[in-house]
Amino acid sequence: MEFKAAVLERVGAPLVVRTVKAAPLGPFDVGVRIRASGLCHTDLEAILGSVATPMPVVLGHEGAGVVDAVGSAVSRVKPGDHVVCSWNPHCGHCFYCERDLPILCDQHIGAHRDGTIGGDRPLLSVDGRVLHHFMALSSHAEYAVVNEASAIAVPKEIPFDRACLIGCGVMTGVGGAVRMAKVTPGASALVVGCGAVGLNVVQGAVIARAEPIIAVDISDTRLALARRLGATDTLNPTRDDAVARVRQLTGGRGADFAFEAGGGEAPMQLALEAARPGATIVILGKTDPNKQVALRFGSLMGEKRIVRSSYGNARPQRDFPWLARLYLDGKLKLDELIDRRLDLEQINEGFAGVKSGSLVRAVITFA
Ligand SMILES: [Zn+2]
Ligand SMILES: [Zn+2]
């Protein structure tokens, strides 16, 4: 099998669209004809080198498409099914899966580090050289070979360019609010950082019927979008004393639930300071894993529950069809998140927009 894919040869290099080869499917592999693939900030982190991944590599971990072929032991999907790809394949029965932490699945956690979809067999190659997978997927390509546990069937009515967003940003944000924090009706929710993840935390807070939902960002454009998605109040820390305003909006106490989705110290500190004693704080943003982070110790006190989440406690098999259905029922907004649709050949332009912060989501579409 040969197809076009955007290949990253080394940190800092531009992506180059190449014709690459995939080996025949193993028993648990699924071949997916990719129809749409979102450009997520984590791909950019791999390009810039703050996320370590073996190279050369095909990036992309927010893909949707049609099942083309399945390995002999695959039972969950069949050719013709529409699927959203999950970057957290998990086995369901290891130490961590049994403890409701599928993100840490013993069987699959090595795949991200090794640049595979699990197992030792190299699947992709370019010019006779091994080509690595990214986050067990590699969706910036016409075709992807994924583990059966990464191919999640969704209703056929949802268009691919919107469906793909469910695979990372939407799941992480909505899941952060609904699955991880378990926001309760009438609770106050604070969201610091309104990129793709933060905007979807806002949507998760709407689904959970939180009130008020306070969104914070330094971009007024993003705050306007947060309002369209359901934020009741917006604050721009370049103008507003955000901590004081959050307290005013929450009866003087601070937010019941605070979500950090900005990445780095300042948004983390703001989320902690503006959360009330006993609040749940969910850290969703990222910074360089080797960076020391300094936080005011007093802001960690007051019986706060502070958790970190990479994927919003996702259970893709349960959650992807649920999120697709919410979209189809008009209860989850996805059209509003897409700034730009691109061809695979325009992928470097797309990442320039991700880097500058001018795009919430650019999506590569395939005919
Ligand atoms: Zn992502
Ligand atoms: Zn497992």
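Residues numbered from 1 in each chain as written. Chains lettered and ligands numbered in written order. Predicted model: local features only at pLDDT ≥ 70, side-chain atom pairs only at ≥ 80, totals over all residues. Heavy atoms only, no water.

**Topic: the coordination of the zinc ion (ligand 1)**
Next, step 1: For the zinc ion (ligand 1), the protein coordination sphere consists of Cys40 (SG), His61 (NE2) and Cys168 (SG), at 2.0 to 2.2 Å.
Next, step 2: When the donor residues of the zinc ion (ligand 1) are listed from N- to C-terminus, their spacing reads C-x20-H-x106-C. Residue Cys40 is found in the loop between β3 (29–38) and α1 (41–48), and its partner Cys168 is found in helix α4 (residues 160–180); the two are separated by 128 residues along the sequence. Just as Cys40 is buried, Cys168 falls in that class too. (Donors = N, O, S within 2.8 Å, 3.2 Å for Na, K, Ca; no water. Helix = DSSP H or I, 4+ residues; strand = E, 2+ residues; numbered from the N terminus. Buried < 20%, exposed > 50% of the residue type's maximum accessible area, 1.4 Å probe, protein only.)

**Comments concerning the environment of Pro89**
Next, step 1: The topology assignment puts Pro89 in the loop between β6 (82–85) and α2 (95–98).
Next, step 2: Residue classification places Pro89 among the buried residues on the basis of a relative accessible area of 3%.
Next, step 3: When residues no more than four places from it in sequence are discounted, the contact partners of Pro89 are Cys105, His108, Ala136, Ala149 and Ser150. (Contact = heavy atoms within 4.5 Å.)

**Some details on helix α9 (residues 316–328)**
Next, step 1: Taking 1.5 Å per residue, 13 residues should reach 18 Å; α9 reaches 18 Å between its end C-alpha atoms and fits that length.
Next, step 2: Residues Pro316, Asp319, Phe320, Leu323, Ala324, Leu326 and Tyr327 constitute the buried set of α9. For α9, the buried positions fall inside an angular range of 160 degrees around the axis, keeping them on one side.
Next, step 3: Against β6, β10 (151–153), α4 and α5 (196–207) lie the buried residues of α9. (Expected span 1.5 Å × (residues − 1). Arc of directions from axis to C-beta.)

**Brief notes about the sheet that holds strand β11 (residues 189–192)**
Next, step 1: An order of β13-β12-β11-β14-β15-β16 is seen for the six strands of this open sheet, with the pairing classed as parallel. The open sheet is flanked by β13 (233–235) and β16 (305–308), the only strands paired with a single partner. The mean angle between the axes of side-by-side strands here comes to 20 degrees, regardless of whether they run parallel or antiparallel.
Next, step 2: In this sheet, strand β15 (residues 275–283) lies alongside strand β14 (residues 255–260) in parallel orientation, the contact comprising five bridges. Bridged to Phe257 within β15 is Thr280.
Next, step 3: Along the sheet, helix α8 (residues 265–274) makes contact with β11, β12 (213–216), β14, β15 and β16, crossing β15 at roughly 150 degrees. (Pairing = 2+ DSSP bridges. Axes fitted to C-alpha atoms, helices over the stretch in contact; angles between N-to-C directions.)

**Notes on the pattern of salt bridges**
Next, step 1: Under the definition given, this model contains 20 salt bridges.
Next, step 2: Arg162 is the partner of Asp161 in a salt bridge, and the nearest nitrogen-oxygen pair spans 2.9 Å. Residues Asp161 and Arg162 agree in their burial class; the two are buried.
Next, step 3: In this structure, Asp220 and Arg239 form a salt bridge, with 3.1 Å as the shortest nitrogen-oxygen distance. One end of the pair, Asp220, is in helix α6 (residues 220–228); the other, Arg239, is in the loop between β13 and α7 (242–249), with 19 residues separating them in the sequence.
Next, step 4: Here Arg239 falls in the exposed class, since its relative accessible area comes to 56%.
Next, step 5: Salt bridges linked by common partners bring Glu9, Arg18, Asp127 and Arg129 together as one network. (Salt bridge = Lys/Arg side-chain N within 4 Å of Asp/Glu carboxyl O.)

No statement about biological role is implied by the geometric values presented.
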